[in-house]
Amino acid sequence: MWLSLLKYKPLVFILTVLVAMSVLCALIYKASITSFTHDEAFTYTHYVHQGFFDIISFKHPYLNNHILNTLLMKYSEMLFGKYELALRSPSILGFVIYSVFGLLWLFKICPRLILPGYLLLVLNPYLLDFFILARGYGLSVSFLMTSVYFIGLYLETYKAKHLIYHHIAVLLAIFSNFSMLNYFVVSFVVLNLIVLTNYYFVKKSYTKQQLITFYKVSTLCFIGYVVFLFEPIRRLTGITLLDFGGKDGFMVDTVRSIIYDVFYEQAVSDELLLILKIMSTVVFITGLIISGYMLFKKTVFLTIQHTVSFFSSLLLFGMVSVSVLQHYIIGNDYYLHRFAIFYYVVFMINLCALLAYIHQRAASFVSVALSALGAILLFINVSVNLPFHYFKDWKYDMSTKQVMQIIKQRHQEQPNKKVQLGVNWLFEPSTNFYRIIWDLKWFVPTHRNGINITDDYLYIFLTDKEWQNHQQLPKLLENKVSNTVLVQQ
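Summary of the structure given here. Remember, it's a predicted structure, so these values are computed and weren't measured experimentally.

## Here we look at the overall build of the protein chain
Scanning the protein chain from terminus to terminus reveals 20 helices and four strands. Projected onto the principal axes, the alpha-carbon positions of the protein chain cover approximately 80 × 45 × 45 Å. A total of 489 residues make up the protein chain; the buried ones form 57% of that total. If you take every contact in the protein chain between residues at least 6 apart in sequence, the share linking residues at least 24 apart comes to 75%. Of the accessible surface of the protein chain, which amounts to about 21,400 Å², a share of 66% is contributed by carbon and sulfur atoms. Of the charged side chains in the protein chain, 38 are positive and 26 negative, and the gap between their average positions amounts to 14 Å.

## Concerning helix H5 (residues 67-80)
Residue pairs three or four apart in sequence face the same way in an α-helix, which turns once every 3.6 residues. Taking 1.5 Å per residue as the helical rise, H5 with its 14 residues ought to reach 20 Å, and the 20 Å between its terminal C-alpha atoms agrees with that figure. Within the sequence span of H5, burial applies to Ile67, Leu68, Asn69, Thr70, Leu71, Met73, Lys74, Ser76 and Glu77. On its buried face, H5 is in contact with helix H3 (38-46), helix H4 (52-56), helix H6 (84-109), helix H9 (137-157), helix H10 (160-176) and helix H12 (208-236). One or two steps after H5, the chain reaches Gly81, where phi turns positive at roughly 100°.

## Brief notes about the layout of surface pockets
Of the pockets and cavities examined, the largest pocket occupies roughly 1,100 Å³. Elements represented by at least two residues in the lining of the largest pocket include exactly helix H13 (250-262), helix H14 (270-297), helix H15 (304-330), helix H16 (341-360) and helix H17 (364-385). A per-element tally of the lining of the largest pocket places H14 first, with ten residues.

## A short note on the packing of aromatic side chains
Two measures describe an aromatic ring pair: the distance that separates the ring centres and the angle between the ring planes. Tallied over the entire structure, the rule returns 34 aromatic pairs. Ring geometry for Tyr396 versus Phe461: centroids 6.3 Å apart, planes at 70°, classification edge-to-face. Here the residue Tyr396 occupies a position in the loop between H17 and helix H18 (400-411), and Phe461 occupies one in strand E2 (residues 457-461), the gap between them amounting to 65 residues. These aromatic residues form a ring-pair network of at least three members: Phe36, Tyr44, Phe433, Tyr434 and Trp438. The cationic tip of Lys392 hangs over the ring face of Tyr126; the distance from NZ or CZ to the ring centre is 5.4 Å. Over the face of the ring belonging to Trp438 we find Lys408, whose NZ or CZ atom lies 5.0 Å from the ring centre.

## Remarks on a nonpolar patch on the surface
On the surface, Leu373, Ile376, Leu377, Phe379, Ile380 and Val384 cluster together into a nonpolar patch covering about 620 Å² of accessible area. Structurally, Leu373 can be placed in helix H17.

## Thoughts on the packing of helix H2 (residues 10-33) against H6
A pair of packed helices is characterised by two quantities: the angle between their axes and the separation of those axes. Remark: H2 packs on H6, axes separated minimally by 10 Å, with the N-to-C direction vectors making an angle of 160°. Considered as vectors, H2 and H6 are oriented roughly antiparallel to each other. Once H2 is placed against H6, the crossing between them reads as right-handed. Residues Thr16, Ala20, Val23, Leu24, Leu27, Ile28, Lys30, Ala31 and Ser32 of H2 touch H6, and the partners they reach there are Glu84, Leu85, Arg88, Ile92, Phe95, Val96 and Leu103. When grouped by side-chain class, the residues that make up the contact of H2 with H6 number eleven nonpolar, two polar and three charged.

## Observations regarding the sheet that holds strand E1 (residues 421-423)
Taken in spatial order, the four strands make up an open sheet running E1-E2-E4-E3, and their pairing is mixed. Among the strands making up the open sheet, the edge pair consists of E1 and strand E3 (475-479). Each strand of the sheet is rotated relative to its neighbour by a mean of 10°, with strand direction disregarded. In the sheet, E1 pairs with E2 via three bridges, with the strands oriented parallel. Paired with Gly422 across the two strands is Leu458, which belongs to E2. Of the strands in this sheet, E1, E2, E3 and strand E4 (484-488) touch H18, which is tilted by about 170° from E3.

Criteria and thresholds
Residues numbered from 1 in each chain as written. Predicted model: local features only at pLDDT ≥ 70, side-chain atom pairs only at ≥ 80, totals over all residues. Heavy atoms only, no water. Helix = DSSP H or I, 4+ residues; strand = E, 2+ residues; numbered from the N terminus. Buried < 20%, exposed > 50% of the residue type's maximum accessible area, 1.4 Å probe, protein only. Contact = heavy atoms within 4.5 Å. Areas by Shrake-Rupley, 256 points an atom, 1.4 Å probe, with all protein chains shown as cover. Lys, Arg positive; Asp, Glu negative; His and termini not counted. Charge placed at Lys NZ, Arg CZ, Asp CG, Glu CD. Expected span 1.5 Å × (residues − 1). 1 Å grid on protein atoms, 1.4 Å probe; cavity = no way out; pocket = protein on both sides within 12 Å on 5 of 7 lines; lining within 4 Å. Points joined across faces, edges and corners; volume = space filled by probe spheres on them. Phe/Tyr/Trp six-rings, centres within 6.5 Å; stacked < 30°, edge-to-face > 60°. Lys NZ or Arg CZ within 6 Å of the ring centre and 35° of its normal. Patch = residues over 30% accessible without salt bridge, like charges linked within 9 Å, V, L, I, M, F, W, Y side chains within 5 Å. Salt bridge = Lys/Arg side-chain N within 4 Å of Asp/Glu carboxyl O. Axes fitted to C-alpha atoms, helices over the stretch in contact; angles between N-to-C directions. Parallel < 35°, antiparallel > 145°, perpendicular 65-115°, else oblique. Left-handed = near helix turned anticlockwise from the far one by under 90°. Nonpolar A, V, L, I, M, F, W, Y, C, P; charged D, E, K, R; others polar. Pairing = 2+ DSSP bridges.

Structure follows, in structure tokens:
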């Protein structure tokens, strides 16, 4: 496949690889210098050191525990040691997987769009954060992309092995983040609809034996899902899945939060928000109209571009519909921010598939121009809005590593003294993380019970009420960006 691309467009291939490698280097750099964050540290201190079967069975159910990420952190630590980069390496590996299968998928549907299409899939500063953080979100969308690629291959070749690879990718996506259960349901339904449509109504090229093989493989894989997921899902039903999301509507909550996150912390005007909502709605509706037209004309399987566009439009429609139905039927909140990051990926998959369809329909200039314009705008946005010293959702933890380094250095003056640090509860996991990986036996574990007079140091927010009574203390560190301060009592 790569050799074919190199022969087809050698300059485009080289440039695309250079872009991918540049992004990868930027991710590795940020992963190695930024402080470990609250959620990453909580996973490390509470779940990583459990046994394999305790992790895989979700013995201690909590939304922070993303099973596959926890397992990979566990074995990465065994192989590479107790370092931030080592513990974050599974998510960086997720970026590699996402890039490889994203590029393979783009080459399959439209080689001329491979560079701008790749940039559309990747250049979201908020998404890139999760290809660094030791969380399961990056892994989940990487396996979603893998699944979409193998679905495309299956719908082109009807080989059973591609169907099996798709199901393996879906299983790994679910173990990375249980929100991918929605993708499992929707992709399963859509794939069945496409197969049955092909067999009964479109071109009759899908043989009875292929249909039987499809359902044999699907049945065996479904049994596999049950075997691997029964116990985790059983435990998952005992906890609240999402009670801090949106309550007003998919467009108002989910789409708005995705748009805000694309711009990271840059303000988005109401006018720009409205324009982007309209544009996303136009893409969504256009895809559905084209899909309906292809179905009516029975051209769904005319080319791979037709098939992939049809699948991706139904996939996006199904994902949105499931979210709305879950809200009204079982009362789930609408997904926001990191819980909704997979919608950005599904939308961009749909956009790229739609552009490939337009390109294949002899409107190549339009598709190339639109994809290039989108890629350029996203590149400018990433250049402006991708910070290298903190993560948007955990900006408050940007100084935690430096705080611990300061205390560690000052302790050398009194090496036999026990040191007690009083913290705002948000800093408890990350400070204890560094206590553990640096083996600071003299450092008293931090807690969530507030500060007291026996603390040697205080690490709090400038907005905390405790700070009002301690402003006279000498500051060892103050960070205006995270609004935090370290003082000595």
